[in-house]
Every structure is written in structure tokens, then in C-alpha cells.
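# A closer look at the structure
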Amino acid sequence: MRPLIAAIRTQYLRDNYLLAKRQHGGRVLAVLKANGYGHDAARCAQALVDVADGFAVACLEEALQLRAAGVSAPILLLEGVFEAVELTEVERHRLWLVVQSEEQLRMLEEAQPAAPFRVWLMLDSGMHREGFLPRHYRAAWERLQASGKAESIVKMTHFARADEPTVPMTLAQIETFDAATAGLPGEESVANSAGILCHPRSRRDWGRAGILLYGASPLPAGFPQGDALKPVMRLSSRIFGVRELAAGEPIGYGNNFVTDRPTRVGLIAGGYADGYPRLASSGSPVAVDGRRSRIIGRVSMDMITVDLSDLPAAGIGSEVELWGDTVSVNEVAAAAGSIAYELLCNIKRAHFMFE
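The rules we used
- Residues numbered from 1 in each chain as written.
- Predicted model: local features only at pLDDT ≥ 70, side-chain atom pairs only at ≥ 80, totals over all residues.
- Heavy atoms only, no water.
- UniProt positions renumbered as here; feature names shortened; annotations may be inferred.
- Helix = DSSP H or I, 4+ residues; strand = E, 2+ residues; numbered from the N terminus.
- Buried < 20%, exposed > 50% of the residue type's maximum accessible area, 1.4 Å probe, protein only.
- Contact = heavy atoms within 4.5 Å.
- Areas by Shrake-Rupley, 256 points an atom, 1.4 Å probe, with all protein chains shown as cover.
- Lys, Arg positive; Asp, Glu negative; His and termini not counted.
- Charge placed at Lys NZ, Arg CZ, Asp CG, Glu CD.
- Axes fitted to C-alpha atoms, helices over the stretch in contact; angles between N-to-C directions.
- Parallel < 35°, antiparallel > 145°, perpendicular 65-115°, else oblique.
- Left-handed = near helix turned anticlockwise from the far one by under 90°.
- Nonpolar A, V, L, I, M, F, W, Y, C, P; charged D, E, K, R; others polar.
- Arc of directions from axis to C-beta.
- Phe/Tyr/Trp six-rings, centres within 6.5 Å; stacked < 30°, edge-to-face > 60°.
- Lys NZ or Arg CZ within 6 Å of the ring centre and 35° of its normal.
- Salt bridge = Lys/Arg side-chain N within 4 Å of Asp/Glu carboxyl O.

As annotated in an unreviewed UniProt entry, the protein is Alanine racemase from Chromobacterium fluminis. Under the Cofactor (unreviewed entry) heading, UniProt states for the protein: "pyridoxal 5'-phosphate".

Here it is in C-alpha cells:
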């Protein structure tokens, strides 16, 4: 069997969720969109079902997969519905939905459900991606309330820069939210992962735990609020080839790395076809048998070369951690000019093992 393994530690997932609950207070949705950020949404939901207050996914298709897997807990559609016909499935499967546009509001007004929906009404407090502008929000809330199609309305917004704790925009968004929703009854949801960790004023009735659930801190280096998170995915492979090169020898495609000393090179199974980022080439950290080293040469489609020069005991069969306990996925993301979200979502051909 090809030795590229994505070990999913479900106890770590539970620990991270419970940390979010303690930090936020109130209730917290576990966000399982994009197949649980690449971790297998159904397996993650099953691991959390006895502790989570509910789940959130991007769209109807993702919610139906969870229902098919036996998940009966509340599920929120973060993008709402794209066509009015989807409301039939929303009703049938007892889903909650976000309303974030005039078109979606009109769909609900024109719907004829047997029972009203659980609705989360999105305010655009400054991100300008989705939601009703502050000057239109109250009217949207009043229309939804008057329609009789909403059993309840949760007021919500989403942050643009909460993962930058020193940037004042998050505070400005909170103030915009409070002003736009003043006097409107109902529960509130403001905090995303970064909000839960480091923006106390954003902690309201419902938090939404996304990336922190999987053990990757959304905060930059130097902010310890995410240090207690545990990495749920550990991506590893094994060395299946070793060669000795003299100084001055190129390695890999493009010859973009040239040895500056005699170098032992280990070859491992894994590459960009598996979802490991191609741009995380020479210098990206790895751990060989628990000791830190680096990638040398470009990441290939399904092979990666690593530096064994200072690891004389390493050889054929040695384990190489691409990220997990010794090497943070955030470190690899930084080396690739990316973010942990993208890296975790992209893992494909690894053998997934659930612990």
C-alpha cells in the first residue's frame, strides 16, 4: 500500500470543539463544509454528535450527505438555497438556512411550507461578500417576520479580518452589527473561529467553529490563544529511496535546488496530485522519524525529496511527517504562500485512517 497516510484523530476533534465551547460560552456550531475541511464530514459529525450543538455546511448537497449518514442534529446551510425548489428538501430534512440576499428572501416569502423555517439572517457589516447592508437589514428582518415563513430569526454577520487581532476592523464590524440590529429580538451569531479565540465582544448566543475545530489556529504567530488546539489531521509518508549526492548537484524538476555540500536525499511517496502544495518546495519543513528536516527540490506530482544529511539513522522505511504533531500545517502553508484551510481541504489520495 502506498504509505501516504492521513490520520484523523477524532478525540482531538472533540477536544477542540469543547475548547471552543468553553471559550465562547453559549452554543457553538461545528462547521463541516468542504467535507469537514478535508477530514470527512460524516465521520467528523459522528465523532461530535453527542457534544455538538449543531453543524453548519455550505449547501444543501453537503447537508443531505450528513443526513444520509444518520446525522439528525441541526444543520445550518451557510450559503442558503440557490433555487426555490431546494426549500422542499430544506423542509423535509429539517434544515436551518441562512438568508443573505433579496433573492433568497423573496424565495421564502413565496414559499408554501407546511411549517415555518429556522432562519439566520445575514448582515453585511463590512466584509461586502454577502448579506444585507445595514440600511436594509431592519426592513429585511421585518419582511421575514411578517411573512410567517420564519419560526425564528437568528441575526448573524461574518468577519473579514478577525484573524488579524490588532486590526480595528473587527471591532468596527461588531459595532456596525450592534447598531443595525438594535431593538430586533432574537438570538445572535457573530464569532467565527478567530472571534471565539480572541474577540470577546463577538461571543453571543451562537459561535461558529471552523478551522479551529481541526486544530489549526487562525491567528498569526505570536498570538497564543490558539496554542491549546490539537492538530486533527496528521499527514505522513515513508522514505522508499535514498541516494548520496556530491556538492553542486541539482535535484528535481527545473534544477531549482543545487546541493551546497555532500547530501543524503530521501524520496517519499506524496506530491501535488495528493494535495500537498507544489509551492511548498525547497525549505518547507518536514519531520523524519520525529526530527525536523526540510524538503529539497520541487514537489513533484507524486514524489517529494527530503534532506537526510543530518539524520544518519534515517533511511528506507523512515516515517516522514508532512504536517501534524511536529510540523504545523500553518508552517507548511506559510512556506507555500497559502493558508491551512486550503491545504487541509486539498488532501485527496492519502489513505485516511480514523483514530
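### Let's talk about the overall build of the protein
A tally of regular secondary structure across the protein gives 11 helices and 18 strands. Referenced to the eigenvectors of the C-alpha coordinate spread, the extents of the protein come out at roughly 75 × 45 × 35 Å. Every one of the 355 residues in the protein was classed for burial, and the buried ones make up 54%. Considering only residue pairs separated by 6 or more positions, the protein has 65% of its internal contacts joining residues 24 or more positions apart. For the protein, the accessible surface area stands at approximately 15100 Å², while carbon and sulfur atoms represent 52% of it. Where the 37 positive side-chain charges of the protein centre and where its 41 negative ones centre are 2 Å apart.

### Some words on the packing of helix α6 (residues 102-110) against helix α7 (residues 134-147)
The N-to-C vectors of α6 and α7 enclose an angle of 15°; their axes lie 10 Å apart at closest approach. Here α6 is positioned roughly parallel relative to α7, judged by the angle of their axes. Between α6 and α7 the crossing geometry is left-handed. Contact residues: α6 offers Glu 102, Leu 105, Leu 108 and Glu 109, while α7 offers Ala 140, Arg 143, Leu 144 and Ser 147. Its residues assigned to classes, the contact of α6 with α7 comprises 4 nonpolar, 1 polar and 3 charged.

### As for α6
Every α-helix winds through 3.6 residues per turn, so residues three or four apart in the chain are directed the same way. Considered for burial, the residues of α6 that qualify are Gln 104, Leu 105, Met 107 and Leu 108. Seen from one end, α6 has its buried residues packed into an arc of 155°, which puts them on one side. Of the surrounding elements, those touching the buried residues of α6 are α5 (86-92), β5 (96-99), β6 (117-123) and α7.

### Quick word on helix α4 (residues 60-68)
Of all the residues in α4, the buried ones are Leu 60, Glu 62, Ala 63, Leu 66 and Arg 67. Along the long axis of α4, the arc covered by the buried residues comes to 160°, so they all point the same way. Exposed residues lying more than 90 degrees from the buried face of α4 are Glu 61, Gln 65 and Ala 68. Against α2 (33-38), α3 (41-48), β3 (55-57), β4 (75-77) and α5 lie the buried residues of α4.

### So, the packing of aromatic side chains
Under the definition given, this model contains 6 aromatic pairs. Summarising the aromatic geometry, the rings of Tyr 37 and Tyr 214 are spaced 4.7 Å apart at their centres and angled 25° between planes, so their arrangement reads as stacked. Of this pair, Tyr 37 sits in helix α2 while Tyr 214 sits in the loop between β9 (206-209) and β10 (233-245), placing them 177 residues apart in sequence. Each member of the pair, Tyr 37 as well as Tyr 214, carries the same accessibility label: buried. Residues Tyr 37 and Tyr 341 carry aromatic rings whose centres are separated by 6.2 Å and whose planes lie at 35° to one another, so their mutual orientation is tilted. Residue Tyr 37 is found in helix α2, and its partner Tyr 341 is found in helix α11 (residues 340-346); the two are separated by 304 residues along the sequence. An aromatic cluster is present here, built from Tyr 37, Tyr 214 and Tyr 341 joined pairwise through their rings. Between Arg 43 and the ring centre of Phe 354, over which it is positioned, the NZ or CZ distance is 4.0 Å.

### Things to note about the packing of α7 against helix α8 (residues 169-181)
Closest axis-to-axis distance for the α7/α8 pair is 9 Å, and the angle between their directions is 40°. In terms of axis orientation, α7 runs oblique to α8. The crossing of α7 and α8 is right-handed. Contacts between α7 and α8 involve Pro 134, Tyr 137 and Arg 138 from the first element and Thr 176, Ala 179, Ala 180 and Thr 181 from the second. Across the contact of α7 with α8, the residue classes tally to 4 nonpolar, 2 polar and 1 charged.

### A closer look at the pattern of salt bridges
All told, the structure shown has 26 salt bridges when counted by the stated rule. The residue Asp 274 makes a salt bridge to Arg 2 at a minimum N-O spacing of 2.9 Å. Linking Asp 274 in the loop between β13 (263-269) and β14 (285-288) with Arg 2 in the segment before β1 (5-8), this pair joins segments that are 272 residues apart in sequence. Asp 53 serves as the salt-bridge partner of Lys 21, at 2.8 Å between the closest nitrogen and oxygen. One end of the pair, Lys 21, is in helix α1 (residues 10-24); the other, Asp 53, is in the loop between α3 and β3, with 32 residues separating them in the sequence. Asp 53 sits in the partly exposed class, given a relative accessible area of 21%. One continuous salt-bridge network, built from bridges that share partners, spans Lys 155, Glu 175, Asp 178, Glu 188, Arg 201 and Arg 204.

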